[in-house]
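So the chains spell out like this:
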Amino acid sequence: MIAAIATLLLCQLLGEGIHLLSGLPLPGPVIGMFLLLGWLLLRPGERPGLVQVSAWLTAHLSVMFVPAAVGLIEEGPVLATNGVAIIVATLASTLLTMAVTALVFRWALARTERGA
Amino acid sequence: MSSIWHALQATPLFWLAVTLLVFEGADRLSKRSNRHPLCHPVLTATPMLIGILLATRTPYPVYTQNTAMLGFLLGPATVGLAVPLWRNRALVRRAAGPLLLALFAGSLTAILSVTGIVWAFGGSAQILATVAPRSVTTPVAMALASQLGGIPALAAVVVLIAGVFGAMVASPLLNLMRIEDYRVRGFAAGVAAHGIGMARAFQVSELGGTFAGVGMALNAAMTALLLTLWALL
């Protein structure tokens, strides 16, 4: 358990370090995610602790970003001028993204599985 | 009495307790609605907490400072997204080519469509940077928005709206398109509507939910890479 938490924090720490050193806009935790994936693929074995801790974190993501969402309290003026555009764009983009992803995936699967 | 209030209300103890209590109430409401996307706990908890801050005249910086612990967990949670990818590596490997192609197409569509529409409405660079990561899981979207010069709080809400809407339209849209393969249905829901889409996919099928989880994690990485490239150009 502690080892798993330490692993996650260490990957994030390395990710933040790489982020600062490289100056890339890629966020530290995302770099940390790649580092952890690489580490897991290179060192085979069961990782019950890591599975448990990361599943717990993912299951409770919602509560973690509530304080950030409450930050909307300070964004009244931005919402008043851009609210409609943001909502229209978000809804349309969600529909389009889902449709394009599904169509491309189905098309490519059919091609490869017919060939196999 | 008022001195006790003043001593307590500027502490993490007070605001964490309030936030967790409100969230728990919101979560029960969501459970009672059989997890309807419109009753997503963040959607109900956020206005309640804003109401409490306004009623108690608490400045937002005091609140955010005292609930920083919750936000801190977003970092390790993001790193942990690697774990489901690793666990499902066999599934991912079997469909790797089509999956990556669909991921690339979906991620690019998400970024271009949302920024294109906001741009057409005359949105500023700050608003474009806020909405660009709208289809990825919240912690990554907030980090990307702040890296690109957007507003993280607004990014969190945009992502939430995308997730709720995506979860609501996934079944009707994919039925209309006659997509029958649960791998495709789940993956599309995860790429377009991240964790909320994934939760919805798991309600329908285990295989779909797994692919939605894979789609969510891969899209966090793909969108981060594409936006990084974009920022560098």
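By convention here, each chain's residues receive numbers from 1 onward along its written sequence. All chains are assigned letters beginning with A, and all ligands numbers beginning with 1, in the order in which they are written. Restriction of local features to residues with pLDDT of at least 70 applies here, the model being predicted, together with a cutoff of 80 or more for giving and counting side-chain atom pairs; totals for whole chains, interfaces and linings are based on all residues.

1. Looking at the overall build of chain B
Then, in step 1: Segments assigned H or I by DSSP are reported as helices when at least four residues long, segments assigned E as strands when at least two residues long, and all are numbered from the N terminus. A count of helices and strands for chain B gives 14 helices and zero strands.
Then, in step 2: Overall, chain B shows an N-to-C arrangement of helices and strands of α-α-α-α-α-α-α-α-α-α-α-α-α-α.
Then, in step 3: Over its C-alpha atoms, taken along the principal directions, chain B stretches across nearly 65 × 45 × 35 Å.
Then, in step 4: Three exposure classes are used, based on other C-beta atoms lying within 10 Å of a residue's own C-beta, which is placed from the backbone: buried for 20 or more, exposed for 12 or fewer, and partly exposed in between. Burial statistics for chain B: of 233 residues in total, 54% are counted as buried.
Then, in step 5: By the convention adopted here, residues make contact when the C-beta atoms placed from their backbones lie within 7 Å. Contacts spanning at least 24 positions in sequence make up 61% of the contacts within chain B whose residues lie at least 6 apart.

2. Some thoughts on the overall build of chain A
Then, in step 1: Helix and strand counts for chain A come out as six helices and zero strands.
Then, in step 2: From first element to last, N terminus to C terminus, chain A shows the α and β order α-α-α-α-α-α.
Then, in step 3: For a compact globule the rule gives 2.2 Å times the number of residues to the power 0.38, and the radius of gyration it is set against comes from C-alpha atoms. Taking 116 residues into account, the globule formula puts the C-alpha radius of gyration at 13 Å, and chain A, at 20 Å, lies well above it.
Then, in step 4: Overall, chain A is about 50 × 50 × 30 Å in size when its C-alpha atoms are taken along their principal axes.
Then, in step 5: In chain A, which comprises 116 residues, the share counted as buried stands at 42%.

3. Remarks on the domain arrangement of chain A
Then, in step 1: Looking at chain A, the domain boundaries give domain 1 (1-64) and domain 2 (71-116).
Then, in step 2: Where a domain begins and ends is set by an automatic assignment or by a domain database. Its C-alpha centre places domain 1 of chain A at a distance of 26 Å from the equivalent point of domain 2 of chain A.

4. With respect to the nonpolar core
Then, in step 1: Core analysis: the biggest nonpolar cluster contains 108 residues, and A:Phe65, A:Val66, A:Ala69, B:Ala156, B:Phe187 and B:Ala188 have the highest contact counts within it.
Then, in step 2: Sort the elements by how many residues they give to this core and helix α12 (residues 152-176) of chain B lands first, with 16 residues. By our criterion, buried Ala, Val, Leu, Ile, Met, Phe, Trp, Tyr and Cys residues that link up through C-beta atoms within 7 Å make up a nonpolar core.

5. Considering the interface of chain A and chain B
Accessible area lost upon the coming together of the parts is a frequently used measure of interface size.
Then, in step 1: Listed by partner, the interface residues are 64 residues for chain A and 90 residues for chain B.
Then, in step 2: The set of elements that each furnish at least two residues to the side of chain A that touches chain B consists of α1 (2-22), α2 (28-42), α3 (48-59), α4 (61-64), α5 (66-70) and α6 (76-115) of chain A.
Then, in step 3: Here the side of chain A that touches chain B takes 26 residues from α6(A), the largest share from any one element.
Then, in step 4: Here the side of chain A that touches chain B is built from residues that sort into 48 nonpolar, 13 polar and three charged. For this scheme, ten residues count as nonpolar: Ala, Val, Leu, Ile, Met, Phe, Trp, Tyr, Cys and Pro. Four count as charged, namely Asp, Glu, Lys and Arg, and the remainder, Gly too, count as polar.

6. Brief notes about α1(A)
Then, in step 1: The span one expects for a helix is its residue count, reduced by one, times 1.5 Å. Over its 21 residues, α1(A) extends 30 Å from the first C-alpha to the last, a length consistent with the 30 Å expected when each residue adds 1.5 Å.
Then, in step 2: Of all the residues in α1(A), the buried ones are A:Ala4, A:Thr7, A:Leu8, A:Cys11, A:Gln12, A:Gly15 and A:His19. Seen end-on, α1(A) carries its buried residues on one side only, within an arc spanning 125°. Seen from the open side of α1(A), the exposed residues pointing more than 90 degrees away from its buried face are A:Ile2, A:Ala3, A:Ala6, A:Leu20 and A:Leu21.
Then, in step 3: Looking at the buried side of α1(A), the elements it contacts are α2 and α3 of chain A together with α6 (74-79) of chain B.
Then, in step 4: Phi turns positive, to about 75°, at A:Gly23, one or two residues after α1(A). For this quantity, the arc is that covered by the directions from the helix axis to the C-beta atoms.

7. Concerning the domain arrangement of chain B
All names here are of chain B.
Then, in step 1: Taken domain by domain, chain B comprises domain 1 (2-72) and domain 2 (82-232).
Then, in step 2: Using C-alpha coordinates to define each centre, domain 1 is positioned 27 Å away from domain 2.
Then, in step 3: Facing six residues of domain 1, the contacting portion of domain 2 comprises seven residues.
Then, in step 4: Split into classes, the residues belonging to the side of domain 1 that touches domain 2 amount to four nonpolar, one polar and one charged.

8. Structural notes on the packing of α2(A) against helix α14 (residues 206-232) of chain B
Two measures define how a pair of helices packs: the angle their axes make with one another and the distance between the axes.
Then, in step 1: An axis is simply a line fitted to the C-alpha atoms; with a helix, the fit covers only the stretch in contact. Between two such axes, the angle follows the N-to-C directions and lies from 0 to 180 degrees. Contact geometry for α2(A) and α14(B): axes closest at 11 Å, N-to-C directions at 125°. Taken together, the axes of α2(A) and α14(B) are oblique relative to one another. The hand of the α2(A)/α14(B) crossing is left-handed. Between α2(A) and α14(B), the contacting residues are A:Val30, A:Met33 and A:Phe34 on the first element and B:Ala220, B:Ala221 and B:Ala224 on the second.
Then, in step 2: Here the residues of the contact of α2(A) with α14(B) sort into six nonpolar, no polar and no charged. Oblique is the label for every angle not falling under 35 degrees (roughly parallel), over 145 degrees (roughly antiparallel), or within 65 to 115 degrees (roughly perpendicular). By convention, the crossing between two helices is left-handed when the near helix turns anticlockwise from the far helix through less than a right angle, and right-handed when the turn is clockwise.

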